[in-house]
Every structure is written in C-alpha cells, then in structure tokens.
Amino acid sequence: MDPSISLFVRKHFYAGEVEDASRDFNKQLVDKSKLAPYGFFDITDVDELNIKGKGFVECAVIIFLLQRLCKGLTNEIGKLSVGILCLSSSRVDMMKNRLGTEYGVHDRINLEVNTVDNSNEDWYDIVILSSVSDDNSEIPKGNRMNTALTKARHCLWIIGEANNLIESGGTWKLLVNDAIERHIFGRLTRNKLSNVMKKLESNDRKRVAVITPASSGNIAQKAGQEWTWNGRPNNTKNILGSLRDQKNAPDTCTLQTTLTTTESLKKFQYSCMDPPQDFTWELCFNDLKSKYKKVVDEEIAAEEIGEKRGKYRQETAFEIAKTQGIIGRDKSETEERERLFKLESYERVDATLTAEEAEALVEAGNIMACNFCLSRNYFDLRPGEVYVYDRLCPYMHARSSMPVSHAVTVIGHGGQETRLQGPVRHVHFQNSEGKRSGDDGFGRVARDSVRGLYRLTVPPASAPAPPPPTAGSAPSLLEHELTTPN
C-alpha cells in the first residue's frame, strides 16, 4: 500500500501496522497520469448535482479519472487492475450502464465495478471509491470502511460530497478533514468535467430516445393478462377509494395513498356484507396531515432535506392510521357526521411474498400500497404504457437533490411485452396526483421498479351504521363516532 494511503488507515484502524508498497512504481504512475496516489474529490460544487442528479455527476467524475489514468499508462507500467467500488448494487448497475464497453475491454486496465462488500479481489492496483449515496445509512462505517480503504496497492481516489460526510461525523469526518489538512482535497466543478458531461448527456439522449415511446408499436399489449379493480365492482359495489390529488399539497403522495388504500379496504369490507353495503365515508386529509406534523415535528416536505423521507414518511403515515386513526366524514348524509377509522396492521411484503402471492391477495380484495422512484420518462408515458424506472435519468427533488419517490395504491396486475426488454410484469395502480398522469388517474408500473410493497389490513367491519339521531336523542358512539361541533 502506498504510504500516502496507509497514513490514514494506520492511524485509525491498524495501530501503525500496514505494509507499504514501493514508491518507484507509484512515481511512474503519478508522473504519467498527473494524479496523486491518494486524494478526495469533492463533487458538492458541481452545478449538475441539483439538475442531473448524483448518479450523473458520480459517473462523470469516474470517467474523468479513468481518462486521466489510461492516458498516462505505458507498456513500461503494464496492465493494471482497477476497482470501482460503490455503496449499493443499484449504483453498480447504473455505473455499468453508463460506462458501457469503453473501459470493459481495455488494453491498459482490467476493470471491475462492484459494491464494497461484493468485490472479487482482495487487492487492486487502483481503487476509485465512491461514497456518493442517496441515503446516509448506506455509507460504510467500522470494518466496512476499513475494507473499502485498504483494497488499493498504489492509488486510492475517493469521490463524495464532503459536507454530507462531515455532517455524518465519525471516521468519515476525520477522513475529509485529514485530506484537507494534507492538501490532497480537490473541489471539482462543471468546468473540470464539461467534456465528460457533454458526452454523457449525448449518450443519455440516445438512450432515452430508445427506451421511451418515440416509435409506434414499441409496446404490445398481451391479451388476457390484465386484472384490475378499476371498473370492476364487487357484489355490485365499487370498492376503490377517492381519486386524490396532491396538486395543492405537494409531497403528500404517501398521505394521499394511505387514505385511498384504507378507504378501498373499507369499501371492499362493506361490499361483502349481506346484503352488500356502500361505504360512504371519506377520510380527512387535513386530519392525517396535522397528526403527521405533530409526530414528525415538521411540516410535510420540510423534512425532505433530512432522512425523514420516502420509506419513513410512508410508514409514519401508516403508524398514525393504526395507532391514532383518521377522521372520516359521511358524505351520504345531509347532516355531516364524523367517525374515526383505524388500520389494524401494515407490513412491507415485497421481500416476503412472491409476485403470484401478491397478485392473488389483490384479487381477493387486499388492496395494497407501493412506492417507486421517478425518472423523466414517467412524464412522457402513452396511455396504457408500463412505467419502467430509468436509473440513468432520475427525476430529482429540488430540496434534497435525491430521486423523487412516489406512492400509489395497488389495484391490479398484468403483463406486457416490450421489444427491447421482453415480457414485463407490472402492477396496476390508482394514482395520488389526480388525473394528471396515466389514464385518468390510473397507471401501470413494472414490478421490478417497485421499491416497497405494503399490505394493509383494517379491523372487522361493524354492522351498518344506524340512521342519524333524531332531534333530542343521544348521538351514537358506534366505531368511535364523533359529532361535528356546532
């Protein structure tokens, strides 16, 4: 290991006991590539971070480093092993797609792109370690960080957002500050990466033109494979909850989905009564929103810049519905009544249920909730087309600079054939943003693009509610009924 690399790990992991490599070889490499054996490259100031996303900038920096490396390699130095180590398998897939074949087969380097935990080699001549992540929980600590920092013989180049790593504290904060103090800390900008990013943007445009529906007949519907509760009554009763729209309350798709899914489960319950009943109650968005604010101690969307987003936001909404309940209002009565409705349970099932098991549950009336990340092609879908997340073109949130996650209600399933990707299994969903996307508020998303699938249950249905009390009579307390204050 080069002494400039081992200096930090000796101090923080090995109590000074690390074997150093020969500096003669490293000097040749440094002189030719004009890159130090060890350094931290900060991407915080790259403008495209907030426009194109972290993945785009991450890949641009890696290609920039590979170009500098390969330009300096000669026969005298020989062929080198290079490991690009990422924090998650999703970033590995994205990196491989963007790197293409240019460096996969190269006469100067043997390249491997993998995660820190799954790398095939104990040692590489060169390691490019990316600490870029969408979630701080992915950043390796302890022994995982030790492993990541000690796989390079001659050069270790680390890419990351310095401010995020400093805020995360611990050894990463020490590493960034150490790089600054030793003057091996580089701030990258758009100007440095302009040529690489132009080429990446060109490649992205070509790829988007292929995977989005630019050519007619790209996706063919397979007859007999579609099953949905949209337009399908149960015992003559419609079972789908209100089509909700977050237009005037942005970033509330998780709350809207919680309401719609709970309503749908109650409507299915009432349709199974003898005789079948209509569930005429509509759950109150403002009630759930105000309870969410009290639990999180922040306005919805204000927490977007922290870790309280995505999965946290969805499961917090479910937990509120389970423990506190949500006020519902009966829309069938002239005099509006209120009642509290609760979830009985919620469970994430995408890792425990097979696709067939999940589909059977939905057909049996177990309406579910799911979420998926958005990419730009989501906004260009044709009617009936299945949405497939494109990791190379994520749609980034303006506040967090992370891919936007979207929550919807799962109401069916199906399969479609694509010329480029073969058969795609998908779920039908009822959207949480009105009729602005999909077919009048209904759409399809590829099962492989779904990040979280949740099964919800509601308590057993009570007997049908009695008619409103006559003047002077006591109000009913059935199912926690509340009277509307005068």
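Residues numbered from 1 in each chain as written. Predicted model: local features only at pLDDT ≥ 70, side-chain atom pairs only at ≥ 80, totals over all residues. Heavy atoms only, no water.

A. The arrangement of the overall build of the protein chain in detail. Scanning the protein chain from N- to C-terminus turns up twelve helices and 19 strands. Evaluated residue by residue, the protein chain yields a buried proportion of 52% over its 486 residues. For the protein chain, the share of sequence-separated contacts (at least 6 apart) that also reach a separation of at least 24 residues comes to 74%. Summing over all exposed atoms, the protein chain offers an accessible surface of approximately 22,700 Å²; the carbon and sulfur share of this is 47%. (Helix = DSSP H or I, 4+ residues; strand = E, 2+ residues; numbered from the N terminus. Buried < 20%, exposed > 50% of the residue type's maximum accessible area, 1.4 Å probe, protein only. Contact = heavy atoms within 4.5 Å. Areas by Shrake-Rupley, 256 points an atom, 1.4 Å probe, with all protein chains shown as cover.)

B. How the structure looks around the sheet that holds strand β6 (residues 185-187). If you walk across this open sheet you meet the six strands as β3-β2-β4-β5-β1-β6, and the pairing is parallel. The open sheet is flanked by β3 (109-115) and β6, the only strands paired with a single partner. Geometrically, the sheet is characterised by an average inter-axis angle of 20° between neighbouring strands, direction not taken into account. Bridging between strand β2 (residues 80-86) and β3 involves seven bridges; their strand directions are parallel. Bridge assignment links Gly83 to a residue of β3, and that residue is Glu112. In the packing of helix α1 (residues 3-12) onto the sheet, the strands contacted are β1 (38-42) and β5 (152-160), and the crossing angle to β5 comes to about 70°. Where helix α7 (residues 170-181) meets the sheet, its contacts fall on β1, β4 (124-130), β5 and β6, and the angle it forms with β1 comes to roughly 105°. (Pairing = 2+ DSSP bridges. Axes fitted to C-alpha atoms, helices over the stretch in contact; angles between N-to-C directions.)

C. Region of interest: the pattern of salt bridges. What the rule picks out here adds up to 15 salt bridges. Asp47 is the salt-bridge partner of Arg190, the closest N and O atoms lying 4.0 Å from each other. Pair noted here: Arg190 is in helix α8 (residues 190-211) and Asp47 is in the loop between β1 and α3 (54-72), with a separation of 143 residues, a long-range link. By relative accessible area, Asp47 is classed as partly exposed at 42%. Close ionic contact of Asp330 with Arg337 constitutes a salt bridge, the shortest N to O distance being 2.9 Å. (Salt bridge = Lys/Arg side-chain N within 4 Å of Asp/Glu carboxyl O.)

D. Here's a closer look at the packing of aromatic side chains. Overall, the coordinates contain 14 aromatic pairs when judged by the stated rule. Ring centres of Phe40 and Phe185 lie 5.6 Å apart, and the angle between their planes is 5°; this geometry places the pair in the stacked category. One end of the pair, Phe40, is in strand β1; the other, Phe185, is in strand β6, with 145 residues separating them in the sequence. The exposure class assigned to Phe40 is buried, which follows from its relative accessible area of 1%. A relative accessible area of 19% means that Phe185 is categorised as buried. Aromatic pair Tyr270 and Phe279: ring centres 5.1 Å apart, planes at 75°, arrangement edge-to-face. The two residues Tyr270 and Phe279 agree in class, both being buried. Joined through ring pairs, the aromatic side chains of Phe372, Tyr378, Phe379, Tyr387, Tyr395 and Phe429 make up one cluster. (Phe/Tyr/Trp six-rings, centres within 6.5 Å; stacked < 30°, edge-to-face > 60°.)

E. A look at the layout of surface pockets. Its boundaries defined by the atoms lining it, the second largest pocket holds a volume of some 480 Å³. The wall of the second largest pocket is formed by 26 residues, among which Gln246, Asp251, Val404, Ser405 and His406 lie closest to the centre. Among the residues making up the lining of the second largest pocket, the classes are represented as ten nonpolar, eight polar and eight charged. (1 Å grid on protein atoms, 1.4 Å probe; cavity = no way out; pocket = protein on both sides within 12 Å on 5 of 7 lines; lining within 4 Å. Points joined across faces, edges and corners; volume = space filled by probe spheres on them. Nonpolar A, V, L, I, M, F, W, Y, C, P; charged D, E, K, R; others polar.)

F. Main features of the pairing of strand β17 (residues 442-446). Taken across its five residues, β17 has five buried, putting it largely inside the fold. Residues of β17 alternate between two faces, with Phe442, Arg444 and Ala446 on one and Gly443 and Val445 on the opposite face, all of them buried. The pairing of strand β14 (residues 386-387) with β17 spans two bridges and is parallel. For Tyr387, the partnering residue across the bridge sits in β17 and is Val445.

G. Quick peek at unusual backbone geometry. A cis amide bond links Asp274 with the next residue in sequence, Pro275, at an omega value of 0°. As for its position among the elements, Pro275 is in the loop between α9 (253-271) and β9 (281-283). Unusually for a residue other than glycine, Asn235 sits at a positive phi of about 55°. Tracing the chain through its elements places Asn235 in the loop between β8 (227-228) and α9.

H. Structural detail: helix α11 (residues 311-323). Here α11 is 13 residues long and its end C-alpha atoms lie 18 Å apart, about the 18 Å a rise of 1.5 Å per residue gives. For α11, the complete set of buried residues consists of Arg313, Gln314, Thr316, Ala317, Phe318, Ile320 and Ala321. Directly beyond the C-terminal end of α11, a positive phi value near 85° is found at Gly325. (Expected span 1.5 Å × (residues − 1).)

I. Molecular detail of the confidence of the model for the protein chain. Put simply, the protein chain has an average pLDDT of 80, and 77% of its residues get 70 or more. For the protein chain, strand β7 (residues 219-221) is the element with the lowest average pLDDT, namely 34, and α9 is the one with the highest, namely 95. Here residues 208-224 is a poorly scored stretch, pLDDT under 50, and it has 32 contacts once near neighbours within four places are set aside; other chains count. Note that residues 463-486 has pLDDT below 50 and, in this model, 31 contacts with residues that lie over four places away or in other chains. (pLDDT = per-residue confidence, 0-100.)

J. Looking closely at the packing of helix α10 (residues 285-296) against α11. The contact between α10 and α11 brings their axes to 10 Å, and the two run at 115°. With respect to their mutual orientation, α10 and α11 come out roughly perpendicular. Note that α10 runs across α11; the crossing there is right-handed. Across from Leu288, Lys291, Tyr292, Val295 and Val296 in α10, the residues of α11 making contact are Tyr312, Arg313, Thr316, Ala317 and Ile320. Across the contact of α10 with α11, the residue classes break down as seven nonpolar, one polar and two charged. (Parallel < 35°, antiparallel > 145°, perpendicular 65-115°, else oblique. Left-handed = near helix turned anticlockwise from the far one by under 90°.)

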